Amino acid sequence: MLMLIMIKLAVLIPGYNEEDSVNFTLNAISKKLNEMIKKKMISRNSFIAFIDDGSSDKTWEVINKFKKNKYNNLKALKLSKNYGHQIALFAGIKEFYSQCDCSISVDADLQHDIGLFDKFIEFFKDDFEMVLAISDQKTESFFKIITANLFYKMLNFISFSKIEPNHADFRLLSKKSMEEISKHESKSIFLRGLISSLNFKKKIIKYSVKERKFGKSKYTIFKMIRLALDGITSQSTYPLRISSITGFIILLFCFISSIAVFYDYFVNQNTVPGWASTIIPIYFLGGVQIFLLGIIGEYIAKIYKEVKKNPTYSITDKIR
Ligand code: UDP
Ligand code: MG
C-alpha cells in the first residue's frame, strides 16, 4: 500500500524504577526516531510515550528533565501505583491510540533491538496490523529459556488460542488493533494471549535479546509467577475442568474401595483395623482438596477483581 500521509509513530515504554536506564533508553530511541524522520519513514510529530508504573525512585524526574532539556516529542503518564508491566502497557495503548497511526512497545532497559523499528514500519506499510518480535533465545539465561519454553508449551496445550512462544511485549500495533485491545479491559490482562486471540493480520520477526545494561530486572520471581498465573487463568478454563475431573476420579476410586471394604467386612469378615489405610487417604484427599480449591480460588479471585468497579489503573500525572 502506498502511504501518502506520513506515519505517526508512538513508541510506548512501560517502566518501573528505571532511573538508571531511562536516560540511556530515551537518548537511543529519540535518536532512532530522528533518523527515521530524516529518512521520511515516519512523520515529524511521532513521539515517545513513557508509562511510569508507579516508580518510587527518580524515574519521573528524569523523564521531566529529558523532555525539558533534550527531546520535546516526549509524553508520559504516571500511574498511581505499581500495577505491573502488562497493565502499564495496556494503559499506554488505551491512552495513546487516538494520537498515533501505530505504536511500537519496548522495554525501558532497551534489551529489545530498536534497530528493528524500520522493519516494523515496512511491514506496517504492507498492511500488517500487528508485527510481533520473537526472541531467538541465543542470549537468554538457561533458567529463562527452560521456564519460558515449559510455560508456553503448557499454555498452548490448554489455551483458547495459540500463543506465539518467546514473544515478549516487543511489537508494533496499528491504531485499529490498539483500539480493539483497549476494549478488552481487564484487571489481570495478559497482552500476549489477547493479541494472539484477535484476528488481525500478523507478521512475526526474529531478534536477539540484549543484556540489561543498567539496574536489575524488575520482574521478581513473584511477578513472573503472577504473569504465568494470569496467562493461564485468562487464556483457559482447562484447570477448572482438570480439577473437576480429578475430583470425580477420586470420588469413583473412594466409592469402589468402600465397596471392597464393605465386602471384606460383611462377607469375608476379616477386616484388620489398619492405621495406614485410614491415615493415607486422609492425607491424600486433604492434599488434593486443597490443591483443587486453590485452582478454583484463582478464578474466583479473578471474578472478584473484575466485579469490583475499581478502574484498571489510575493516572496521577501527565506530561503532554
Ligand atoms: N516493568 C513494569 N512494571 C513492573 C515490572 C517491570 O513496568 O512491575 C517494566 C520494566 O521497567 C521493563 C519491562 O517491564 O521496562 C520488562 O521488565 P524487566 O526488564 O525488569 O524484565 P526482564 O527483562 O528481566 O524479564
Ligand atoms: Mg529486561
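Residues numbered from 1 in each chain as written. Chains lettered and ligands numbered in written order. Predicted model: local features only at pLDDT ≥ 70, side-chain atom pairs only at ≥ 80, totals over all residues. Heavy atoms only, no water.

Visitor: I'd like to hear about the layout of surface pockets, residue by residue, with values.
Guide: Considering only enclosed or pocket space, the largest pocket measures out at about 1200 Å³ in volume. The wall of the largest pocket is formed by 47 residues, among which Lys144, Arg192, Ser217, Tyr219 and Met224 lie closest to the centre. For the lining of the largest pocket, the secondary-structure elements that each account for two or more residues are strand 1 (9-15), helix 5 (142-158) and helix 8 (221-235). The dominant element in the lining of the largest pocket, judged by the number of residues it contributes, is helix 8, at 8 residues. (1 Å grid on protein atoms, 1.4 Å probe; cavity = no way out; pocket = protein on both sides within 12 Å on 5 of 7 lines; lining within 4 Å. Points joined across faces, edges and corners; volume = space filled by probe spheres on them. Helix = DSSP H or I, 4+ residues; strand = E, 2+ residues; numbered from the N terminus.)

Visitor: A description of the coordination of the magnesium ion (ligand 2) should follow, citing residues and the corresponding values.
Guide: Around the magnesium ion (ligand 2), the donor atoms from the protein are Asp109 (OD) and Gln111 (OE1), and they sit 1.8 to 1.9 Å away. Look at aspartate 109 and you get buried, because its relative accessible area is 6%. (Donors = N, O, S within 2.8 Å, 3.2 Å for Na, K, Ca; no water. Buried < 20%, exposed > 50% of the residue type's maximum accessible area, 1.4 Å probe, protein only.)

Visitor: Report on the packing of helix 5 against helix 8, specifying residues and quantitative values.
Guide: Running from amino to carboxyl end, helix 5 crosses helix 8 at an angle of 15 degrees, the nearest separation of the two axes being 9 Å. Judged by the angle between their axes, helix 5 and helix 8 are roughly parallel. Read as a crossing pair, helix 5 and helix 8 show a hand that is right-handed. Across the interface between the two elements, Phe143, Lys144, Thr147, Phe151, Met154, Leu155 and Ile158 of helix 5 pack against Ile221, Met224, Ala228, Gly231, Ile232 and Gln235 of helix 8. Class assignment for the residues of the contact of helix 5 with helix 8 results in 9 nonpolar, 3 polar and 1 charged. (Axes fitted to C-alpha atoms, helices over the stretch in contact; angles between N-to-C directions. Parallel < 35°, antiparallel > 145°, perpendicular 65-115°, else oblique. Left-handed = near helix turned anticlockwise from the far one by under 90°. Contact = heavy atoms within 4.5 Å. Nonpolar A, V, L, I, M, F, W, Y, C, P; charged D, E, K, R; others polar.)

Visitor: Give a detailed account of helix 9 (residues 238-268), specifying residues and quantitative values.
Guide: With 31 residues, helix 9 extends 43 Å between its outermost C-alpha atoms, agreeing within 8% with the 45 Å of an ideal straight helix rising 1.5 Å per residue. Of all the residues in helix 9, the buried ones are Pro239, Ser243 and Ile250. The positive-phi residue at the C-terminal boundary of helix 9 is glutamine 269, with phi of around 50 degrees. (Expected span 1.5 Å × (residues − 1).)

Visitor: Lay out the pattern of salt bridges in plain terms, naming residues and giving numbers.
Guide: Close approach of charged atoms lets side chains of opposite charge pair. Enumeration according to the criterion identifies 15 salt bridges in this entry. Lysine 94 is the partner of glutamate 185 in a salt bridge, and the nearest nitrogen-oxygen pair spans 2.7 Å. Taken together, the residues glutamate 185 in the loop between helix 6 (175-183) and helix 7 (191-197) and lysine 94 in helix 3 (residues 85-96) connect sequence positions 91 residues apart. A salt bridge links lysine 302 to aspartate 230; the shortest N-O distance between them is 3.7 Å. You can see lysine 302 sitting in helix 10 (residues 276-307) and its partner aspartate 230 sitting in helix 8, a full 72 residues away along the chain. Residues lysine 302 and aspartate 230 agree in their burial class; the two are buried. Salt bridges linked by common partners bring Glu18, Asp109, Arg212 and Lys218 together as one network. (Salt bridge = Lys/Arg side-chain N within 4 Å of Asp/Glu carboxyl O.)

Visitor: Describe a nonpolar patch on the surface, listing the residues and the values that go with them.
Guide: Residues Ile245, Phe248, Ile249, Leu252, Phe255, Ile256 and Ile259 make up a contiguous nonpolar surface patch of about 720 Å² in total accessible area. Tracing the backbone through its elements, the reader meets phenylalanine 255 in helix 9. (Patch = residues over 30% accessible without salt bridge, like charges linked within 9 Å, V, L, I, M, F, W, Y side chains within 5 Å. Areas by Shrake-Rupley, 256 points an atom, 1.4 Å probe, with all protein chains shown as cover.)

Visitor: So what's going on with the packing of helix 1 (residues 19-38) against helix 2 (residues 59-69)? Which residues, and what values?
Guide: Contact pair helix 1 / helix 2: the axes reach a minimum separation of 9 Å and the direction vectors enclose 30 degrees. One finds that helix 1 runs roughly parallel with respect to helix 2. Crossing of helix 1 against helix 2: the hand is right-handed. Contact residues: Glu19, Val22, Asn23, Leu26, Asn27 and Ser30 in helix 1; Thr59, Val62, Ile63 and Phe66 in helix 2. Here the residues of the contact of helix 1 with helix 2 are counted per class, giving 5 nonpolar, 4 polar and 1 charged.

Visitor: Which residues make up the packing of aromatic side chains, and what values go with them?
Guide: Tallying each qualifying case throughout the model produces 7 aromatic pairs. With a centroid separation of 5.8 Å and 55 degrees between ring planes, the pair formed by phenylalanine 47 and phenylalanine 96 is classed as tilted. Taken as a pair, phenylalanine 47 in strand 2 (residues 47-52) and phenylalanine 96 in helix 3 lie far apart in primary sequence, 49 residues in all. Accessibility assignment for this pair places phenylalanine 47 and phenylalanine 96 in one class, buried. For the cation-ring pair, lysine 201 lies above phenylalanine 128, with the distance from its terminal atom to the ring centre recorded as 4.5 Å. (Phe/Tyr/Trp six-rings, centres within 6.5 Å; stacked < 30°, edge-to-face > 60°. Lys NZ or Arg CZ within 6 Å of the ring centre and 35° of its normal.)

That is the geometry; function is a separate question.
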